[in-house]
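# A structural walkthrough
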Amino acid sequence: MTTSLVSIKGQRTSNNQDVLVQVLNNNAMLYMLVDGSSSRAQSGELAQLLASIIKQGFEALIPEQLDFPNIKISMVNLLKSAQQQARTLYPAAVVSFNAVIVIDSIALSLYLGDCLLATVNRWNKIYWKTQPHCVQNNQKISQLALLPERNLLTRSFKARRFDVPQFQVIALKQAQKLLLASDGFWADLSPSQQAEFIKTKHLHEAPSDDTSFILIGR
């Protein structure tokens, strides 16, 4: 697989609060995008902690834990461990994440918040496969991006209590790519800007929000 991991710092915070992960264990590849809330204290630190714990925990999983019948519970247990470690360190912090495990031609997505998963065809047309956990998330992504309600998250990864992630399984087709994107990507960039960003890995001006994507080829 060929992969591009790109993150550009926005102007809202002093540090980039998006964290990108790629890690291989046997024939299972994990990709994860974590986005710390810009409005909640220490969310950048929580994003770093969550990404680190998931990466190290995934690397330590044995083959049986990586099988598709077991991978969901393996990932949930890693997320629970991260939440337990974070609850006293960053009690007010909140992050969004989307983690994708690819095994052969099957992808499993686990997510909370507003980091989205899409498929991308050979012409770089994006088809969004997940919806953000926010108010009015029954809208098309292109329409939701224009609404202020998109910032009102109904579910997310919080240090103070555990929330079970939503799951989605995708059967991958030949020449199909996967895209993980932060809300700075899908909400602040137009479709043409998104396609250009994927192609060039460059933005012509500094974005307002941290803007990140992981493009996973086959």
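These lines cover the structure that appears in this document, whether it is placed above or below. These numbers come from a predicted model, not from an experiment. Per chain, residue numbering runs from 1 following the sequence as it is written. Owing to the predicted nature of the model, reporting of local features is limited to residues with pLDDT of at least 70; listing and counting of side-chain atom pairs is limited to 80 or more, with chain, interface and lining totals taken over all residues. By convention in this description, side-chain values take in all heavy atoms of the structure and omit both hydrogens and water.

## Structural notes on helix α3 (residues 68-86)
- Its 19 residues give α3 an end-to-end C-alpha distance of 28 Å, which sits within 8% of 27 Å, the value for a rise of 1.5 Å per residue.
- Only protein chains enter the accessibility calculation, which uses a 1.4 Å probe. A residue is then buried if its area is under 20% of the maximum for its type, exposed if over 50%, and partly exposed in between. Numbering of helices and strands runs from the N terminus, with a helix taken as a DSSP run of H or I at least four residues long and a strand as a DSSP run of E at least two residues long. Taken residue by residue, α3 has Ile71, Ser74, Met75, Val76, Leu78, Leu79, Ala82, Gln83 and Ala86 as its buried positions. To estimate how far a helix should extend, the number of its residues minus one is multiplied by 1.5 Å.

## Some details on the pattern of salt bridges
- Salt bridge, as used here: a side-chain nitrogen of Lys or Arg that lies within 4 Å of a carboxyl oxygen of Asp or Glu. Enumeration over the complete set of coordinates arrives at five salt bridges.
- Taking the shortest distance from any N to any O, the salt bridge between Asp209 and Arg12 comes out at 3.6 Å. Residue Asp209 is located in the loop between α6 (191-200) and β11 (211-216), and its partner Arg12 is located in the loop between β1 (3-8) and β2 (18-25); the two are separated by 197 residues in the primary sequence.
- The class of Arg12 is partly exposed, set by a relative accessible area of 44%.
- Note that Asp188 and Arg150 form a salt bridge whose closest N and O atoms lie 3.4 Å from each other. With Asp188 in the loop between α5 (183-186) and α6 and Arg150 in the loop between α4 (141-144) and β8 (157-158), the pair connects residues that are 38 residues apart, well separated along the chain.
- On the basis of relative accessibility, which here comes to 33%, the residue Asp188 falls in the partly exposed class.
- Exposure remark for Arg150: the relative accessible area of 5% places this residue in the buried category.
- Each of Arg150, Asp183 and Asp188 takes part in one network of salt bridges that share partners.

## With respect to the side chain of Arg150
- Side chain to side chain, Arg150 and Asp188 meet in a polar contact 3.4 Å long.
- Residues count as neighbours in contact if any of their non-hydrogen atoms are within 4.5 Å of one another. Non-local contacts of Arg150, meaning those with residues more than four positions away in its chain, are made with Cys134, Leu144, Ala145, Asp183, Trp186, Ala187 and Asp188. Side-chain atoms alone can form a polar contact between residues adjacent in sequence; in general such a contact is a pair of N or O atoms within 3.5 Å, and within protein one must be able to donate a hydrogen while the other accepts it.

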